[in-house]
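Architecture at a glance
Spelled out from the first residue to the last, the chains are:
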Amino acid sequence: MDQATPSVLLVDDEVGTLEIMGALLEKQGFRVTLARETREAIRLLADRPFDAVVSDVVFEGNEEGGEVLSACRSLRPEAVSILMTGHPRIENAVDAIREGAVDYLQKPVDPVLLAATIQRAVRERRISRRPEEVTFNDMVDILSNLVSQTIERVDPYTAGHGERTRRYCRFIARDLGLDQQTTERLELAAIAHDYGKIYLEDLSFLTKKGPLTPAEYKMVQRHPEVGAESLGSHPQLADVCRYVAEHHEKWDGTGYPLRLKGGQISAAGRILCVVEVFDSLTTKRSYKAPWSLDKTLDFFEAQSGRSFEPEVLDVFLRLLERHGEEWLMAPKRDLERAGVLDRASA
Ligand SMILES: [Fe+2]
């Protein structure tokens, strides 16, 4: 496999979508082969290897995406498969993941998101199949994920929270034009933002069913400071620690622990504050059901200039218009993967 230019088989019966997406992926450095029918895709899979297969679900009114998925699994088990659909339903996403798809994206698919999804999936597949090709950056990523998984272990309902938070922060940072160094530090803070939870004296109420008592809530509220302190013995992590410490502050000064206000909170911290709340509201927790997209949007719109900085929030709301349904499905998928959520209770 050529690491620099992954080969992608793109399958869609809408010719316009197929050609535009193909051209955009090629522009981003992929070698792309197009197929308009599932039969053609299966023939191509039998014919030659691909690093990734990206397929539509519905072809001329028939749900044939599963056929591409199973052909990929049997003919090219080394390839990663990603499904795209205009009619996302959580059940479909869960089924697709169970059938071996690494992701399930809502159409119209953002080519930047698709490219990032393919790159990540191909890289993870390569790491798992060819350990001798693992780079130093791969290992840094693996260790970063282990940090977030360690945090998530004390509260299984937060499975995937760190990685999702990191991804959404990266989107906002890109749209706000944040420089690369700040973005990288923000991503590390997103991974580690709840680090302090593992140091809390009593962990049982993190998974408590029902609301916390005032005393328990006060104890949980210590986690941003505790996390920043625990990470803070390394001067190189000073910015990361600052963002971790700020992740529950609010634009209007009503957050915690320091009740920082407006520009007292760093630009990166203001991004993390928005994303942290979004992902928490839209994830099932031991004490609450996940919020719907409408309810979440209403809440965020009402919080402009209150909990959140208006400029960051505007960028985030634009991203939600595009990715909202998909970002709402993501926590359920991660909880499924972690075995926290069975379908009956979902
Ligand atoms: Fe937190």
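One structure accompanies this document, and this report is about it. Nothing here was measured: the structure is a model prediction, and the numbers come from that model.

1. Describing the overall build of the protein
Helix and strand counts for the protein come out as 14 helices and 7 strands. Scaling as 2.2 N^0.38, a compact globule of 346 residues should have a C-alpha radius of gyration of about 20 Å, and the protein matches this with 21 Å. Projecting the C-alpha coordinates of the protein onto the three principal axes gives extents of approximately 60 × 40 × 35 Å. Taken over 346 residues, the protein has a buried fraction of 51%.

2. Notes on the packing of helix α6 (residues 136-154) against helix α7 (residues 161-176)
Contact pair α6 / α7: the axes reach a minimum separation of 8 Å and the direction vectors enclose 125 degrees. What the angle tells us is that α6 and α7 run oblique. Every residue of α7 that contacts α6 at Asp141, Asn145, Ser148 and Glu152 is listed here: His161, Gly162, Glu163 and Arg166. Class assignment for the residues of the contact of α6 with α7 results in no nonpolar, 4 polar and 4 charged.

3. So, the layout of surface pockets
Computed from the structure, the largest pocket encloses a volume of approximately 1,400 Å³. Lining the largest pocket are 43 residues, with Arg120, Glu124, Asn145, Glu163 and Arg167 sitting closest to its centre. Those elements that place two or more of their residues in the lining of the largest pocket are α5 (111-129), α6, α7 and α14 (310-337). Looking at the lining of the largest pocket, the element that brings in the most residues is α5, giving 13 residues.

4. Some remarks on the packing of aromatic side chains
For the structure shown, the criterion picks out 12 aromatic pairs. Consider the rings of Phe300 and Phe316, whose centres lie 5.7 Å apart with planes at 55 degrees: the pair is tilted. Here the residue Phe300 occupies a position in helix α13 (residues 293-302), and Phe316 occupies one in helix α14, the gap between them amounting to 16 residues. By relative accessible area, Phe300 is classed as buried at 0%. On the basis of relative accessible area, Phe316 is assigned to the buried category, the value being 0%.

5. Points about the pattern of salt bridges
Here the structure, examined in full by the defined rule, presents 17 salt bridges. Between Lys107 and Asp56 there is a salt bridge whose closest N-O contact spans 3.3 Å. Within this pair, whereas Lys107 is found in the loop between β7 (103-106) and α5, its partner Asp56 is found in strand β3 (residues 52-56), the two being separated by 51 residues in sequence. Residues Lys107 and Asp56 agree in their burial class; the two are buried. Arg166 is the salt-bridge partner of Glu187, the closest N and O atoms lying 2.9 Å from each other. Within this pair, whereas Glu187 is found in helix α8 (residues 180-192), its partner Arg166 is found in helix α7, the two being separated by 21 residues in sequence. Glu187 sits in the buried class, given a relative accessible area of 11%. Residue Arg166 is classed as buried on the basis of its relative accessible area, which comes to 12%. In the salt-bridge network here, residues are joined through shared partners; they are Arg123, Asp141, Glu163, Arg166, Arg170 and Glu187.

6. Things to note about the environment of Ala52
When you line up the elements, Ala52 lands in strand β3. Accessibility expressed as a relative area gives 0% for Ala52, which makes it buried. As a C-alpha pair, Ala52 and Ser7 span 45 residues in sequence and 6.4 Å in three-dimensional space. What Ala52 contacts, discounting residues up to four positions off in sequence, is Ser7, Val8, Leu9, Ala79, Val80, Ile118 and Val122.

7. With respect to the environment of Glu216
Relative to the assigned elements, Glu216 resides in helix α9 (residues 214-220). If we ignore the near neighbours within four places in the chain, the residues touching Glu216 are Phe205 and Lys208.

8. What to know about the coordination of the iron ion
Of the protein atoms, only Asp194 (OD), His223 (NE2), His247 (NE2) and His248 (NE2) coordinate the iron ion, at distances of 2.2 to 2.3 Å. Seen from the iron ion, its 4 donor atoms lie at angles of 83 to 173 degrees, and the figure they make is irregular. Within one chain, the residues donating to the iron ion are spaced in sequence as D-x28-H-x23-H-H. With Asp194 in the loop between α8 and α9 and His248 in the loop between α11 (238-246) and α12 (267-281), this residue pair connects regions lying 54 residues apart in the sequence.

9. Section: the sheet that holds strand β2 (residues 31-35)
Strand order in the open sheet formed by 5 strands is β2-β1-β3-β6-β7, and the pairing between neighbours is parallel. If you trace the sheet from one side to the other, it starts and ends with β2 and β7, each paired once. The mean angle between the axes of side-by-side strands here comes to 20 degrees, regardless of whether they run parallel or antiparallel. Inspection of the sheet shows strand β1 (residues 7-11) paired to β3 by 4 bridges, in the parallel sense. In the sheet register, Val8 faces β3, and the bridge partner there is Ala52. Contacting β1, β3 and β6 (80-85), helix α3 (residues 65-75) runs over the sheet at an angle of about 165 degrees to β3. Along the sheet, α5 makes contact with β1, β3, β6 and β7, crossing β6 at roughly 155 degrees.

Rules used in this analysis
Each chain carries its own residue numbering, running from 1 in the direction its sequence is written. In view of the model being predicted, local features appear only for residues whose pLDDT reaches at least 70, and side-chain atom pairs are presented and counted only at 80 or more, with totals across whole chains, interfaces and linings using the full set of residues. Just so you know, side-chain values use all the structure's heavy atoms and leave hydrogens and water out. Numbering of helices and strands runs from the N terminus; a helix is a DSSP stretch of H or I covering at least four residues, while a strand is a stretch of E covering at least two. Values of the radius of gyration come from C-alpha atoms, whereas the globule rule sets the reference at 2.2 Å times the count of residues to the power 0.38. For every residue, the accessible area (1.4 Å probe, protein chains only) is compared with the maximum for its type, and the residue is labelled buried under 20%, exposed over 50%, or partly exposed between those bounds. The axes are straight lines fitted to the C-alpha atoms, using for helices just the contacting stretch, and the angles between their N-to-C directions are given from 0 to 180°. When an angle is under 35 degrees it counts as roughly parallel; over 145 it counts as roughly antiparallel; between 65 and 115 it counts as roughly perpendicular; any other value is oblique. Only heavy atoms matter for contacts: two residues are in contact if any of them lie within 4.5 Å across the pair. Polarity classes work like this: nonpolar for Ala, Val, Leu, Ile, Met, Phe, Trp, Tyr, Cys and Pro, charged for Asp, Glu, Lys and Arg, and polar for all others, with Gly in that last group. With a 1 Å grid spanning the protein atoms alone, the term cavity applies to any set of points in which a 1.4 Å probe fits but cannot get out, the term pocket to an open set with protein on both sides within 12 Å along at least five of seven lines, and the term lining residue to any residue with an atom within 4 Å of a point. Grid points are joined across faces, edges and corners, and a volume is the space filled by probe spheres set on the points. Aromatic pairs are defined between Phe, Tyr and Trp rings, using the six-membered ring for Trp, whenever the two ring centres lie within 6.5 Å; interplanar angles under 30 degrees are classed as stacked, those over 60 as edge-to-face, and all others as tilted. The term salt bridge refers to a side-chain nitrogen of Lys or Arg lying within 4 Å of a carboxyl oxygen of Asp or Glu. Each metal site lists N, O and S donors within 2.8 Å (3.2 Å for Na, K and Ca). With water left out of the atoms, a site can look as if it is missing ligands. Under this scheme a four-donor centre is tetrahedral when all angles range from 85 to 135 degrees, a four-donor centre is square planar and a six-donor centre octahedral when opposite donors are above 155 degrees with the rest from 65 to 115, and any other centre is irregular. Think of it this way: DSSP has to see at least two bridges between two strands before they count as a pair.

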